[in-house]
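# Coordinate inspection notes
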Amino acid sequence: MRLFIAEKPSLGRAIAAELGVTQNNPTFQICGSDTVTWCFGHILEQYDPQDYDDNLRIWRRRDLPIIPKEWKLRPKESALTQLQVINHLLSEAEMVVHAGDPDREGQLLVDEVLEHFNYHGPVQRIWLASLDSRSIQKALATLKDNRDYANLRDAARARSQADWLIGMNASRAMTIFGRETGHTDGVLSLGRVQTPTLALVVQRDREIKAFVPVDYLILQASLQNDAGSFSATFKPSDTQTGLDSEGRLVDASIAQGIVDSVRGQTGIITSVTREKKKKPVPLPHCLSSLQKAASSKFGMTAQQVLDTAQSLYEKKLTTYPRTDCRYLPEEQFSDASRLITALSGVSGLEAMTAKADSALRGPVWDTKKITAHHAIIPTAAFAGNGFDRLPESEKKLMSLVCCKLLCAVAAPHVYEAVTATFTCAGNTFTAKGKTILTPGWKELDRRFKASFKTDADDTAPEPARELPEITEGQTFDKVTAAVTEHFTAPPKSYTEDTLLSAMERAGADDLPEDAERQGLGTPATRASILEKLVQMGFVERRGKQLLPTKDGHNLACVLPEVLTSPQLTAQWETELTAIAKGQADPEGFMQDIAEMTRGLIANYSQISEDAQKLFQTERVVIGKCPRCGESVYEGKKNYYCGNRSCQFVMWKNDRFFEERGKAFTPKIAAALLKDGKAKVKGLRSMKTGKTYDGTVLLADTGGKYVNYRVEQRGKN
């Protein structure tokens, strides 16, 4: 029996459908002499520190760093039944076909299951970039030896173990610090990618708050003759006075003097340059570019895009989405040509496909630039079914994928750029414009945007205007001019798409130009990193903006640079890529990570007093203590007296308020402390269940617990 082990049920069932299902079971499918089963993503997980040593259940600084001598995995609780199924099927298998996703994590995922059960039989590998019938049949006919992918597995394992070392030790160190300083009784989670990503958001917020706008002036002249009119901008000379260090005109009196000197005078064109330019076609989407486009145009989060793209892939409508490549292999040219022709029959794409040319061999066809996967493109299955019955989010994403592919096989955008210079009263002005010669792919892109008109399109820059027919030596009488005041703008807060771009570029300046992979994380992991920062309360979404919270800002301020700098993760990705190619030793990599972890803990055992102050919780004063007169503060669960020797405390979950169906709010607490009573609406009667408005009295007798009672009231 040949046993296929897929990464997830949808992939397993797609393979089984092509093999021909003869017996269907909930956990596996029999296909003649073949059997197909599946995992649910990673069904094994890393040990926690306390699994290695029970003494590590208590988080203590003296136990750090924690570096396992032998790495161990355990079954996930939710996957125990499926693991038993896989174990039984392995015992009967003559050969295994590894059907993990076509990336390093997919390689590790199935390999570690085989290792867990000590399977030593022959293993082949099926590499599926797409789940349409044609692609699966082709992959089934070209199975490889799984040993050829050992380096890919080693890279994924090294990444997982290195992340554990840094994440576990740094998180414990910071959590212990947080508890010691009274900042939190929870866990502060840190990570190799999420922490420098947080630092990016915090740094941008600092830049915005520290920004001081600069006032500057723009001087424009207007010219008109029988051929038409246009405006030109003043160009200062090298000897011009009244400029700031950036060459901006800032002196109002000098600007006004220039306006006065040219007004009503004659201007002469001193030069006209015309340059034919070509804007090459864009490339099809990779996951990162798709996330940025969907965020900018539709306001989708990176995680929503990833989930939607995965759904489209599992429906066999697109190729594999977790790719960082935007090129297509040359050997697929004929297949893609047929696909593009088929897309012309899809309702909603007619206008765009009219401008596409499946015969064009543009820059998108470059096998040398293919990484593990090629760009995301539609499949023949989508061309056959179109947008029918797709949810709105999937329609939008499919539209983006189709548009980019069709743009990639359209003609280039060709235009003539014109720059004209004229002088008037000794002052120089320039005007720029352009004339479209061949709209090319830009016309296709324009039609697509028009079909999905959103607010985001309103912010797009206006196209350069077309200048009238002008020639060198031409004169213009009665020139007019005006000065307008402008201010430099602060940097913009990150949005989902701009932060993804920043994560891609992060660390690039610290690495050699030929480094294969730069930036924070991978296209497949960046979405989850952003979600985790939001869930942990370090970043918040405000409209489309991603802003640091107070906790996020303070955390980034106290962490060592090795954790906040993108250089670490960028270097890791380069080394992991080398391991995946067999050009680096995973054991040496892990030794370096262990040594770095030891150094991190040794050099980060104490936090400065200034840093500790950042983490002191801001206490909110509610009122004065009725027993000692000190301030009463709001805590997470109570309102407590700031005098430690005083036992006065009012609990938010006091039974008195819970029985009457009311939350014990700070407003009620403040009124009780100030007046000894508080008017409360909507109290629930304990006898009738009806609600009424009443007055709650503070009945403090000086004991351990504070009492309350409702003031005598009349009948309802």
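Predicted, not measured: the structure shown is a model, and the values here were computed from it.

Where helix α7 (residues 194–210) contacts helix α19 (residues 550–558), the axes come no closer than 9 Å and their chain directions differ by 105°. Of the possible angle classes, the one that applies to α7 and α19 is roughly perpendicular. Residues Leu 198, Ala 199, Val 202, Asp 205 and Arg 206 of α7 lie in contact with α19, whose contacting residues are Gly 552, His 553, Leu 555, Ala 556 and Cys 557. Tallied by class, residues from the contact of α7 with α19 come to six nonpolar, two polar and two charged.

On to the side chain of Gln 46, then. With respect to the element layout, Gln 46 can be found in strand β5 (residues 44–46). Those residues in contact with Gln 46 that lie beyond four places of it in its chain are Trp 71, Lys 72, Leu 73, Arg 74, Ser 160, Gln 161 and Trp 164.

The next subject is the sheet that holds strand β16 (residues 480–487). Judged by pairing direction, the sheet is antiparallel, and its seven strands sit side by side in the order β15-β12-β13-β14-β11-β10-β16 without closing on themselves. The open sheet terminates on both sides in strands that have one partner only, identified here as β15 (475–476) and β16.

Turning to the nonpolar core, a few remarks are in order. Burial of nonpolar side chains together is a common tendency in soluble globular proteins. Leu 200, Leu 499, Met 503 and Phe 589 are the most contacted members of the largest nonpolar core, which has 52 residues in total. The set of elements that each furnish at least two residues to this core consists of α6 (150–180), α7, α10 (302–314), α17 (496–505), α18 (526–535), α19, α21 (566–580) and α22 (586–603). Tallying contributions element by element places α6 first for this core, with eleven residues. What Leu 499 contacts, discounting residues up to four positions off in sequence, is Thr 197, Leu 200, Val 201, Tyr 494, Leu 530 and Leu 546. Membership of the second largest hydrophobic core comes to 44 residues, among which are Val 281, Val 305, Val 346 and Val 364.

Another aspect to go through is the packing of α10 against helix α14 (residues 392–408). Viewed as axis vectors pointing N to C, α10 and α14 meet at an angle of 85°, and their least axial separation amounts to 10 Å. Considering the angle they form, α10 stands roughly perpendicular to α14. Within the contact between the two elements, α10 uses Val 305, Thr 308, Ala 309, Ser 311 and Leu 312 and α14 uses Ser 393, Glu 394, Leu 397 and Met 398.

Cut-offs applied
- Residues numbered from 1 in each chain as written.
- Predicted model: local features only at pLDDT ≥ 70, side-chain atom pairs only at ≥ 80, totals over all residues.
- Heavy atoms only, no water.
- Axes fitted to C-alpha atoms, helices over the stretch in contact; angles between N-to-C directions.
- Helix = DSSP H or I, 4+ residues; strand = E, 2+ residues; numbered from the N terminus.
- Parallel < 35°, antiparallel > 145°, perpendicular 65-115°, else oblique.
- Contact = heavy atoms within 4.5 Å.
- Nonpolar A, V, L, I, M, F, W, Y, C, P; charged D, E, K, R; others polar.
- Pairing = 2+ DSSP bridges.
- Core = buried A, V, L, I, M, F, W, Y, C linked by side-chain atoms within 4.5 Å.
- Buried < 20%, exposed > 50% of the residue type's maximum accessible area, 1.4 Å probe, protein only.

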